[in-house]
Amino acid sequence: MAGSFADVGLPAVDRRAGGPMIVTEDADLLDDLLRLCAAAGAVPEVLHGLPQEKGRWERAPLVLVGDDAARRCLGASRRRGLMLVGRDRAEPDVWRRAVEIGAEYVLRLPESEDWLVDQIANAAEGVGRPALTVGVLGGRGGAGASTLACALAVTAARSDRRTMLIDGDPLGGGIDVLLGGEESEGLRWPDFARSRGRLGGGALEESLPALHGLRVLSWGRGDEACVPPQAMQSVLAAARRLGGVVVVDLPRRFDESVTEVLAQLDVGLLVVPGELRAVAAARRVSAAAGAVLDDLRVVARGPYTAGLDDRWVAQALELPLVGDLPLEPGLSSALDGGMPPGSNSRGVLARFCTEFWERADGSGRLEGVPARHSGGGAS
């Protein structure tokens, strides 16, 4: 693998903090707050006054105190993430009560609902470093982008990284098929087509099929092949907030939804076979992706046309070279036998992907230049 990554690292382990504490006896206000918690994918703890258990007040990631319960919270220890919530904008003493209990914010519903959903979701999921998000796209059809995307996800999960694989190509046949999970239970893209705004990362993760230690969002077997940009943005943002690794398999033609994905990627890998026609096709893909994506790099695929090699391919495209990835012998037979790409830890794909993830250390840098892969053979 050649080249290096700057300021691209694997996030810290996800931190789950749980849902907020709600303190109120106002039934209508409680209904509103429970609805907002559900929208954020959080399960709250509901009390009518201060908790009796020592430290429980302080441990809650977020505390929402209703106007009606402010007096019952007098004397509680000062803490961050305390919010006074109500619906009556004309209440003259609300600010005095907020000062008395040490509230950081005074919120009026419904005006503050969108902002509050974000805060509840952050508290429920923890606020850590977002997932390293890698997009894989082919320089031409049949370049092996989906295979590499699967292998990256499988090897990341095998190294105990929290991993999600997202199929961004509606015409690719479903990436769950490559993983042998086309019959597995869980939601597919059509189930998220109407998603808008904040989507709970935990709820997203738990709703998806679990295959080979990772979560997979693929397309269904029906005719639906379109997800609006707003839904794509909501789903990918939720996946990234979970931390770990997100790998996205991308098509070669870009619409508004794919452009939304490109805008959220940390790095893109353009898989280009070592032949002149593939490089010519990859130029067009590179130009379109590069208009949105800041960091696009080349994965060159052998075997090469006479006079070409991996460095020539990268130079011709004027992009950094990640490395040379030859064909893996026996890969087609392994896939037919139900083994996903990257599952053979001694294979070319697995070694390439393992080295790729090892370049990313805790400081967020990809350091060193690993030995270039050699060998090949027909798959």
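This text goes with the structure placed above it.
Residue indices follow the written sequence of each chain, beginning from 1 at its first position. This being a predicted model, a pLDDT of at least 70 is required before a residue's local features are given, and a value of 80 or more before pairs of side-chain atoms are given or counted; all residues contribute to the totals for chains, interfaces and linings. Hydrogens and water molecules were not included; the side-chain quantities draw on all heavy atoms of the structure.

Help me get a handle on the pattern of salt bridges, residues and values and all.
By salt bridge we mean one thing: a side-chain nitrogen of Lys or Arg within 4 Å of a carboxyl oxygen of Asp or Glu. Taken as a whole, this structure holds 17 salt bridges when the rule is applied. Between D67 and R108 there is a salt bridge whose closest N-O contact spans 3.0 Å. Here D67, found in the loop between strand 3 (63-66) and strand 4 (82-86), pairs with R108, found in strand 5 (residues 105-108); they are 41 residues apart in sequence, far enough to count as distant. Burial classes: relative accessible area under 20% of the type maximum marks a residue as buried, over 50% as exposed, and values in between as partly exposed (1.4 Å probe, protein chains only). Residue classification places D67 among the buried positions, given a relative accessible area of 16%. Assessed through its relative accessible area of 12%, R108 is described here as buried. With a closest N to O distance of 2.5 Å, E205 and R162 form a salt bridge. Of the two residues, E205 sits in helix 7 (residues 201-207) while R162 sits in the loop between helix 5 (145-158) and strand 7 (163-167), which places them 43 residues apart along the sequence. Looking at E205, the relative accessible area reads 13%, which means it is buried. In this structure, a network of salt bridges that share partners links the residues D26, D32, R35, R87 and E113. A helix here means a DSSP run of H or I that spans at least four residues, while a strand means a run of E at least two residues long, and both kinds are numbered starting from the N terminus.

Break down the packing of aromatic side chains for me, with residues and values.
Stacked, edge-to-face and tilted are the three classes for Phe, Tyr and Trp ring pairs, Trp counted by its six-membered ring, which pair at centre distances within 6.5 Å; planes under 30 degrees apart are stacked, over 60 edge-to-face, the rest tilted. Summed over all chains, the structure comprises three aromatic pairs. When the ring of W189 is compared with that of W219, the centres are 5.9 Å apart and the planes differ by 35°; the resulting orientation is tilted. In this pair, W189 is assigned in the loop between helix 6 (175-178) and helix 7 and W219 in the loop between strand 9 (214-217) and helix 8 (229-241), connecting sequence segments 30 residues apart. Residue W189 shares its accessibility class with W219, and that shared class is buried.

Report on the packing of helix 1 (residues 27-39) against helix 4 (residues 113-125), specifying residues and quantitative values.
Look at helix 1 against helix 4: their axes get within 9 Å of each other, and the N-to-C directions meet at 60°. In terms of their interaxial angle, helix 1 and helix 4 are classed as oblique. For the pair helix 1 and helix 4, the crossing hand works out as right-handed. Taken together, the residues of helix 4 that come into contact with helix 1 (itself represented by L33, R35, L36, C37 and A39) are E113, L116, V117 and I120. Gly counts as polar in this scheme, as do all residues outside two lists: the nonpolar Ala, Val, Leu, Ile, Met, Phe, Trp, Tyr, Cys and Pro, and the charged Asp, Glu, Lys and Arg. When the residues that make up the contact of helix 1 with helix 4 are grouped by side-chain class, the tally is seven nonpolar, no polar and two charged. Only the contacting stretch of a helix is used when fitting its axis, a line to C-alpha atoms as for every element, and angles between N-to-C directions run 0 to 180 degrees. Angle categories: roughly parallel below 35 degrees, roughly antiparallel above 145, roughly perpendicular from 65 to 115, and oblique for all the rest. By the definition used in this description, the sense in which the near helix is turned from the far one sets the handedness, with an anticlockwise turn below a right angle giving left-handed and a clockwise turn giving right-handed. Whether two residues touch is decided by their heavy atoms; if any such pair falls within 4.5 Å, the residues are in contact.

Summarise helix 3 (residues 94-101); cite the residues concerned and give the values.
Among all positions in helix 3, only V94, R97, A98 and I101 are buried. The arc that holds every buried residue of helix 3, seen down its axis, measures 105°, which confines them to one face. Relative to its buried face, helix 3 has exposed residues pointing more than 90 degrees away, namely W95 and V99. Structurally, helix 3 contributes buried residues whose contacts are with strand 3, strand 4 and strand 5. Just past helix 3, the residue G102 takes up positive phi, approximately 80°. In this context, the arc is that of the directions from the helix axis out to the C-beta atoms.

How would you explain helix 10 (residues 276-290) if you had to name every residue and give the values?
Given a helix with a known number of residues, its expected span is that number minus one, times 1.5 Å. With 15 residues, helix 10 ought to run about 21 Å at 1.5 Å a step, and its terminal C-alpha atoms sit 20 Å apart, in line with that. Restricting attention to buried positions, one finds in helix 10 the residues A278, V279, A282, V285, S286 and A289. Where the residues of helix 10 are buried, they touch strand 6 (132-138), helix 9 (256-264), strand 11 (267-273), strand 12 (296-301) and helix 11 (310-317).

Can you tell me about the packing of helix 10 against helix 11, naming the residues and giving the values?
Where helix 10 meets helix 11, the axes come as close as 10 Å, and the angle between the chain directions of the two elements is 35°. When the axes of helix 10 and helix 11 are compared, the crossing they make is right-handed. Contact with helix 10, carried on its side by L276, V279, A282 and R283, involves W312, V313, A316 and L317 of helix 11 and no other residues of that element. Of the residues assigned to the contact of helix 10 with helix 11, the class counts are seven nonpolar, no polar and one charged.

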